[in-house]
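Architecture and fold: a report
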Amino acid sequence: MKNYLNVALPKGRLGEKVYYMFEKAGFPCPAIKENNRKLIFENPEVEVRYFWVKPSDVAIYVERGAADVGVAGKDILLEYSPDVYELLDLKIGKCDMAVAAKADFKDDRSRTLNVATKFTNIAKSYYAAQGRDIDIIHLNGSIEIAPILGLSDVIVDIVETGTTLKENNLIVVEKFQPISARLIANKANFKFKSEQIEKIRRSLFEQTENI
Ligand code: PRP
C-alpha cells in the first residue's frame, strides 16, 4: 500500500511557483507540466499526489484531510480560521489587506459605515478593534465598483500592485494586514506523515531564505 502525500495546490500562477518549490524539495511530478485540463497528478516513485483547486478552497481540503498539506493565502486563513497547522510563510504571493475609498471620502464617525467586502470576518474584526459601527455588504468580486456606485462608503479588499484601485479612481485609506502564501497541514495527517511533511517544510524554508 502506497503512502502518498496529498498536496492541494492553488490553481494559477502562484500554484505553479509553489509546484516548482515542491519539486525542488524532492517531490517532482513531471506529468503536471503537461498542458491539459486534468486536475489530479501523481508520481508513484516519490509517492506524491498533487491536485489543483480554487485558491480559496485549499484550506477546506486540508482541514478535512482530503489533502495532507496545501498552500493558502493568509487572507483565507484569517477569514475562515480553518483548524489546520500553519507551518511556514512562503514569502510569495505578497499583497496587503486594505481599506480603500473614493479620493474625497471623509469618515463621519457619527454614522454607520457601509463596508463592501469579500472578507466579512476580517473587516468586522478590523472595525471592531476601533469600536466603529459598520454595516457589511458581502460581495463576491469586483469590489471596487461598490463605492463608485454608492453601494458602500469603503471597501476592504486585497491590494497587490494597486492598479485596480487606480484605474477605478480609488485610493488606499489604510493597509492594515500584510498577506502572503502559507504552507498548511492537516492536524491528524501531520502525525502520520510527519517525515515527508518535515522534509518539505525544511526545504521550502531554505528556499524562502533566498527570496
Ligand atoms: C483581487 C482584488 C483586487 C485586485 C488587486 O481581485 O480583489 O480587485 O486583485 O490587485 P491589484 O492591486 O494588483 O490591482 P481578483 O483578481 O482576485 O478578482 P475579484 O474581483 O474576483 O476579487
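What this report covers is the structure whose coordinates are included nearby.

What counts and how
- Residues numbered from 1 in each chain as written.
- Predicted model: local features only at pLDDT ≥ 70, side-chain atom pairs only at ≥ 80, totals over all residues.
- Heavy atoms only, no water.
- Patch = residues over 30% accessible without salt bridge, like charges linked within 9 Å, V, L, I, M, F, W, Y side chains within 5 Å.
- Areas by Shrake-Rupley, 256 points an atom, 1.4 Å probe, with all protein chains shown as cover.
- Salt bridge = Lys/Arg side-chain N within 4 Å of Asp/Glu carboxyl O.
- Helix = DSSP H or I, 4+ residues; strand = E, 2+ residues; numbered from the N terminus.
- Buried < 20%, exposed > 50% of the residue type's maximum accessible area, 1.4 Å probe, protein only.
- Core = buried A, V, L, I, M, F, W, Y, C linked by side-chain atoms within 4.5 Å.
- Contact = heavy atoms within 4.5 Å.
- Pairing = 2+ DSSP bridges.
- Axes fitted to C-alpha atoms, helices over the stretch in contact; angles between N-to-C directions.
- Near = heavy atom within 4 Å.
- Polar contact = N/O pair within 3.5 Å; in protein donor to acceptor, adjacent residues only side chain to side chain.
- 1 Å grid on protein atoms, 1.4 Å probe; cavity = no way out; pocket = protein on both sides within 12 Å on 5 of 7 lines; lining within 4 Å.
- Sits in = over half its atoms within 2 Å of the grid points.
- Nonpolar A, V, L, I, M, F, W, Y, C, P; charged D, E, K, R; others polar.
- Phe/Tyr/Trp six-rings, centres within 6.5 Å; stacked < 30°, edge-to-face > 60°.
- Lys NZ or Arg CZ within 6 Å of the ring centre and 35° of its normal.

Attention shifts here to a nonpolar patch on the surface. Together, Ile145, Ile148 and Leu149 line one region of the surface with nonpolar side chains, adding up to about 290 Å² of accessible area. Mapped onto the secondary structure, Ile145 falls in helix H5 (residues 145-148). According to the relative accessible area criterion, Ile145 is partly exposed, its value standing at 41%.

A few words on the nonpolar core. By size, the foremost hydrophobic cluster in this structure holds 27 residues, and its most contacted members are Phe22, Tyr50 and Leu183. Ranked by residues supplied to this core, first place goes to helix H1 (residues 13-24) with 4 residues. Ignoring any residue separated from it by four or fewer positions in sequence, one finds Phe22 in contact with Val7, Phe27, Tyr50, Val69, Val71, Leu183, Ile200 and Leu204. Within the second largest apolar cluster, 14 residues are counted, among which are Ala101, Leu113, Tyr126 and Val154.

Moving on, we get to the sheet that holds strand S1 (residues 5-10). The strands that make up a sheet are held in pairs by hydrogen bonds between backbone atoms, and each pair lies either parallel or antiparallel. Read across the sheet, 6 strands follow the order S2-S3-S1-S4-S11-S5 without closing on themselves; strand pairing throughout is mixed. Edge positions in the sheet fall to strand S2 (40-43) and strand S5 (85-89), since each has one partner strand and no second. Pairs of neighbouring strands in the sheet enclose a mean axial angle of 25 degrees, with direction left out of account. Pairing of S1 with strand S3 (residues 48-53), which is carried by 6 bridges, proceeds in the parallel orientation.

Attention now goes to the environment of Phe192. In this fold, Phe192 is placed in helix H7 (residues 187-192). For Phe192, a relative accessible area of 69% translates into the label exposed. Separated by 166 residues in the primary sequence, Phe192 and Gly26 have C-alpha atoms spaced 19 Å apart.

All residues adjacent to the ligand are Lys118, Gly141, Ser142, Glu144, Asp157, Ile158, Val159, Glu160, Thr161, Gly162, Thr163 and Thr164. The separation between an oxygen atom of the ligand and a polar side-chain atom of Lys118 is 2.6 Å. One nitrogen or oxygen atom from the main chain of Glu160 is found 2.8 Å from an oxygen atom belonging to the ligand. Surface burial for the ligand is 65%, taken as the share of its 490 Å² of free accessible area covered by protein chains. With respect to the detected pockets, the ligand is housed in the largest pocket. Within the residue set of the shell around the ligand, elements represented by two or more residues are strand S9 (154-159) and helix H6 (163-167). Tallying contributions element by element places S9 first for the shell around the ligand, with 3 residues. Partitioning the shell around the ligand into residue classes produces 2 nonpolar, 6 polar and 4 charged.

Here the structure, examined in full by the defined rule, presents 11 salt bridges. As a salt-bridge pair, Asp153 and Arg111 come within 3.6 Å of each other at their nearest N and O atoms. Of this pair, Asp153 sits in the loop between H5 and S9 while Arg111 is found in the loop between strand S6 (95-102) and strand S7 (113-117), placing the two residues 42 residues apart along the sequence.

This structure, assessed with the given rule, holds 7 aromatic pairs. On the numbers, 6.0 Å between centres and 50 degrees between planes, the contact of Phe51 with Tyr61 is tilted. Here the residue Phe51 occupies a position in strand S3, and Tyr61 occupies one in helix H2 (residues 58-63), the gap between them amounting to 10 residues. What makes Tyr61 partly exposed here is its relative accessible area of 33%. Taken together, the aromatic side chains of Tyr19, Tyr20, Phe22 and Tyr50 make up a single cluster linked through ring pairs. Over the face of the ring belonging to Tyr4 we find Arg49, whose NZ or CZ atom lies 4.4 Å from the ring centre.

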